[in-house]
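Single-letter residue listing:
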Amino acid sequence: MSAILIVDDDLASCRTLRLHFRTQGHETHIAQSAGEALAAPGRFAPDVIILDIRMPGKSGLDALPEFKQAFPGSHVIMITAFHDMESTIQAMQRGADDYIQKPIDLDELDATVAKALRYARSESQGVPVEAGEDTGNGRGNMAGRSRVMKEVFKTIGLAASSGATVLITGESGTGKDLVARAIHRAGPNPSGPFVAMNCAALIETLLESDMFGHEKGAFTGAVGRHVGKFALANHGAIFLDEVSELSYAIQAKLLRVLQEKEFVPLGARESQRTEARVIAATNVNLAGRVQEGSFREDLYYRLQVINIHLPPLRDRKEDIPDLVQALLARINREMRRHVRRVDPQVLRCFEAYRWPGNVRELENVLMKAVALSPADTITPDALPADIANRSAQPSDTARPAAQCSLREVEKGHVLRVLEATGWHRGRTCAVLGVSRPRLRRMIKDFGLVPPPGAPPDDSDPGAGSP
Ligand SMILES: Nc1ncnc2c1ncn2[C@@H]1O[C@H](COP(=O)(O)OP(=O)(O)OP(=O)(O)O)[C@@H](O)[C@H]1O
Ligand SMILES: [Mg+2]
């Protein structure tokens, strides 16, 4: 049973809705104006508030912030006029959790209320992500507690202070960029420059000039002198991303920098010295490229004095909760949101998914979910279908959800909750949001049989287990 407050100036409509909700077993109050509803907020703590927008006196829209303040745990469903997109948008921006259009369709209303109650429940049971402010160094913070990531953090620590060249390997989106910056920050010259460059440039001359600089007139179009990235990174670090893509000729020049700490800008007569630390990254198998003959073996060994490998996310799923927490903190800050909880089912979906795009894909999924979630909890509704469908569902195993009837899904869900509570009927009712008699009917209807040793249904000695 849940508590519902209906605020609408139309008394007939209030009464119809009250009757409707009461027959469903909800405790229901009505108020005919925002003022009346807000007069004694302590008296009644609604789970859901159904708030009409158009009312004499204060409109539901104007009163919305007061409702959010007076009933902080409640979910607000606005009643908007048909086609009034503007007020709908405004309502959502001012903190409404959902809306329903007039004339009210009771099935739609029930679905919306059920969804709001699910949110309310997952907010009180969800996994807190403490998505407050992310501490200190912003984007540089790396999350993860898996054994491999702890090893990575350790290696970063050891490698950083040595000043040695580091090669970071790993699939796209695993965090190579982040590791490179972490190495620099933990290194001997953290306040020195960190200069990143992508080696997958299309035009070789431009890439070479970008790396080493050029003198005026060094090539067609070289109108002035240009300072290259190796010069800019002096006494700091240069990050060579996608290093596998360098041409054979530039590989030779890079090797010279690594061996002699010297390079010659394009068109220059004299070489320059650089004290830049080289950090390289690749998402291809460099050893394979060496075998194939497209990457110099001597450069390969020079680069990977220290190798840090970032395993794909699917091989370190223990990191997911930490990553979700860290990424949400960042997303909250960037999107000015306060998403603090993630439904446990969402984490189960995340753990079942393969994450071909690794941490970057997780970040994108969370960003979309935050944008789509009106409340401060992320629920499975906000996930892309291919991720939401992949959760481990023990009771309706092989078939994809898109091919199940409503009854099958309901049956599967009731059984899942019963199993999760160890067939505790009271807790099952609370989770499902149904009455005891309704649960009893469903168990009978669906032919669900309690396992041996399950607690008896004490309120109905005739039914259920012995
Ligand atoms: N351990 C982590 N903790 C927090 N955020 C992470 C972590 N790993 C990766 N990220 C985030 O995931 C995104 C992708 O990471 P990053 O750009 O470092 O990947 P990459 O390996 O360099 O990918 P690519 O090969 O495509 O360049 C970034 O937004 C990064 O901040
Ligand atoms: Mg990168």
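These numbers come from a predicted model, not from an experiment.

### Description of the sheet that holds strand E2 (residues 27-31)
For sheets, the rule is that strands pair by backbone hydrogen bonds, running either parallel or antiparallel.
So, step 1. Taken in spatial order, the five strands make up an open sheet running E2-E1-E3-E4-E5, and their pairing is parallel. At either margin of the open sheet sits one strand with a lone partner, and together these are E2 and strand E5 (98-101). Within this sheet the neighbouring strands show an average axis-to-axis angle of 20°, counted without direction.
So, step 2. On the sheet, helix H1 (residues 11-23) packs against strand E1 (3-7), E2 and strand E3 (48-52) and is oriented at approximately 175° with respect to E2.

### Here's the deal with the site of ligand 1
So, step 1. If you check the shell around ligand 1, you find 19 residues, and the closest are Ala143, Ser172, Gly173, Lys176 and Glu363.
So, step 2. Within the side chain of Ser172, a nitrogen or oxygen atom sits 2.5 Å from an oxygen atom of ligand 1.
So, step 3. Burial of ligand 1 by the protein amounts to 90% of the accessible area it has alone, namely 630 Å².
So, step 4. Elements that contribute at least two residues to the shell around ligand 1 include exactly helix H7 (176-185), helix H13 (320-335) and helix H15 (358-372).
So, step 5. Of the residues belonging to the shell around ligand 1, the class tally is six nonpolar, six polar and seven charged.
So, step 6. Looking at which domains feed residues into the shell around ligand 1, each of domain 2 (144-311) and domain 3 (314-388) supplies at least three.

### Section: the packing of helix H8 (residues 204-212) against helix H10 (residues 248-260)
So, step 1. Relative to each other, H8 and H10 sit at 10°, their axes nearing to 11 Å. Regarding the angle of H8 to H10, the classification is roughly parallel. Mapping the contact onto sequence places Glu204, Leu207, Glu208, Met211 and Phe212 in H8 and Ala249, Ile250, Lys253, Leu254 and Val257 in H10.
So, step 2. The residue inventory of the contact of H8 with H10, partitioned by class, reads seven nonpolar, no polar and three charged.

### Comments concerning the nonpolar core
So, step 1. In terms of nonpolar packing, the biggest core is built from 28 residues, with Phe230, Leu240 and Val243 touching the most fellow members.
So, step 2. If you list the elements that add at least two residues to this core, you get strand E8 (194-198), H8, strand E11 (237-241), H10, strand E14 (277-282), helix H11 (286-292) and helix H12 (297-303).
So, step 3. Among residues more than four places away in sequence, those in contact with Leu240 are Met197, Cys199, Met211, Leu254, Val278, Ile279, Ala280 and Ala281.

### Comments concerning the pairing of E5
So, step 1. Residue alternation in E5 divides its side chains into a buried set, Asp98 and Ile100, and an unburied set, Tyr99 and Gln101.
So, step 2. The pairing of strand E4 (residues 75-80) with E5 spans four bridges and is classified as parallel. For Ile77, the partnering residue across the bridge sits in E5 and is Asp98.

### Overview of the packing of aromatic side chains
So, step 1. For the coordinates displayed, the defined rule picks out eight aromatic pairs.
So, step 2. Measuring from centroid to centroid gives 6.2 Å for Phe230 and Phe263, while their planes differ by 40°, and the two rings are tilted. Taken together, the residues span a long stretch of sequence, with Phe230 in helix H9 (residues 229-232) and Phe263 in strand E12 (residues 262-263) at a distance of 33 residues. Grouping residues by exposure puts Phe230 and Phe263 together as buried.
So, step 3. With centroids separated by 4.7 Å and ring planes inclined at 90°, the aromatic side chains of Tyr353 and Trp355 adopt a geometry described as edge-to-face. Of the two residues, Tyr353 and Trp355, neither departs from the other in class, the shared state being buried.
So, step 4. Members of the aromatic cluster, connected to one another through ring pairs, are Phe212, Phe230 and Phe263.

### Overview of the pattern of salt bridges
Think of it this way: side chains of opposite charge can pair up when their charged atoms draw near.
So, step 1. All chains considered together, the criterion is met by 19 salt bridges.
So, step 2. The shortest N-O distance in the salt bridge between Glu151 and Lys154 comes to 3.3 Å. Pair noted here: Glu151 and Lys154 are both in helix H6 (residues 147-162), with a separation of three residues, about one helical turn.
So, step 3. The residue Glu262 makes a salt bridge to Arg256 at a minimum N-O spacing of 3.2 Å.
So, step 4. Overall, the relative accessible area of 21% leaves Glu262 in the partly exposed class.
So, step 5. A relative accessible area of 34% means that Arg256 is categorised as partly exposed.
So, step 6. Beyond isolated ion pairs, a larger network of salt bridges with shared partners links Arg256, Lys261, Glu262, Arg273 and Glu275.

### Focus on the packing of helix H18 (residues 425-432) against helix H19 (residues 436-445)
So, step 1. Interaxial distance between H18 and H19 falls to 10 Å at its minimum, and their mutual angle equals 100°. What the angle tells us is that H18 and H19 run roughly perpendicular. Taking contact as the criterion, the partners of Arg425, Gly426, Thr428, Cys429 and Leu432 in H18 are, on H19, Arg436, Leu439, Met442 and Ile443.
So, step 2. Residue classes in the contact of H18 with H19 are distributed as five nonpolar, two polar and two charged.

### Focus on the side chain of Ser13
So, step 1. Along the chain, Ser13 falls in helix H1.
So, step 2. A polar side-chain atom of Ser13 sits 3.1 Å from a polar atom in the side chain of Asp8.

Each value, and the rule that gives it
In every chain, residue numbers begin from 1 and rise along the written sequence. Working convention: letters from A go to chains and numbers from 1 go to ligands, in the order in which they are written. Where local features are concerned, this predicted model is filtered to residues with pLDDT of at least 70; where side-chain atom pairs are given and counted, the filter is 80 or more; whole-chain, interface and lining totals use all residues. In computing side-chain properties, one takes all heavy atoms of the structure into account and sets aside hydrogens as well as water. Pairing between two strands requires that DSSP report at least two bridges joining them. Helix and strand labels come from DSSP, where a helix needs a run of H or I of at least four residues and a strand needs a run of E of at least two; each type is numbered from the N terminus. Under this scheme, a helix contributes an axis fitted over its contacting stretch, all axes are lines through C-alpha atoms, and angles between N-to-C directions fall in the 0 to 180 degree range. By the convention used here, residues are in contact when the closest approach between their heavy atoms is within 4.5 Å. Residue proximity to a molecule or strand is established when one non-hydrogen atom of the residue lies within 4 Å of it. Contacts described as polar in this section are N or O atom pairs within 3.5 Å, which, within protein, must combine one atom able to donate a hydrogen with one able to accept it, while residues neighboring in sequence count only if both atoms come from side chains. In this description, accessible areas are obtained by the Shrake-Rupley approach with a 1.4 Å probe, and a residue is regarded as covered only by the protein chains that are shown. In the scheme used here, Gly and all other residues not listed as nonpolar or charged are polar, with Ala, Val, Leu, Ile, Met, Phe, Trp, Tyr, Cys and Pro taken as nonpolar and Asp, Glu, Lys and Arg as charged. In this document the domain limits rely on a domain assignment from an automatic tool or a database. Here the word oblique covers every angle except those under 35 degrees (roughly parallel), over 145 (roughly antiparallel) and from 65 to 115 (roughly perpendicular). Here, nonpolar core means buried Ala, Val, Leu, Ile, Met, Phe, Trp, Tyr and Cys residues that are tied together by side-chain atoms lying within 4.5 Å of each other. Relative accessibility decides the category of a residue: with a 1.4 Å probe and only protein chains considered, values under 20% of the type maximum give buried, values over 50% give exposed, and everything between is partly exposed. Aromatic rings from Phe, Tyr and Trp, with only the six-membered ring used for Trp, were paired whenever their centres fell within 6.5 Å, and each pair was classed as stacked if the ring planes differed by under 30 degrees, edge-to-face if by over 60, and tilted otherwise. The salt bridge definition used is simple: a Lys or Arg side-chain nitrogen within 4 Å of an Asp or Glu carboxyl oxygen.

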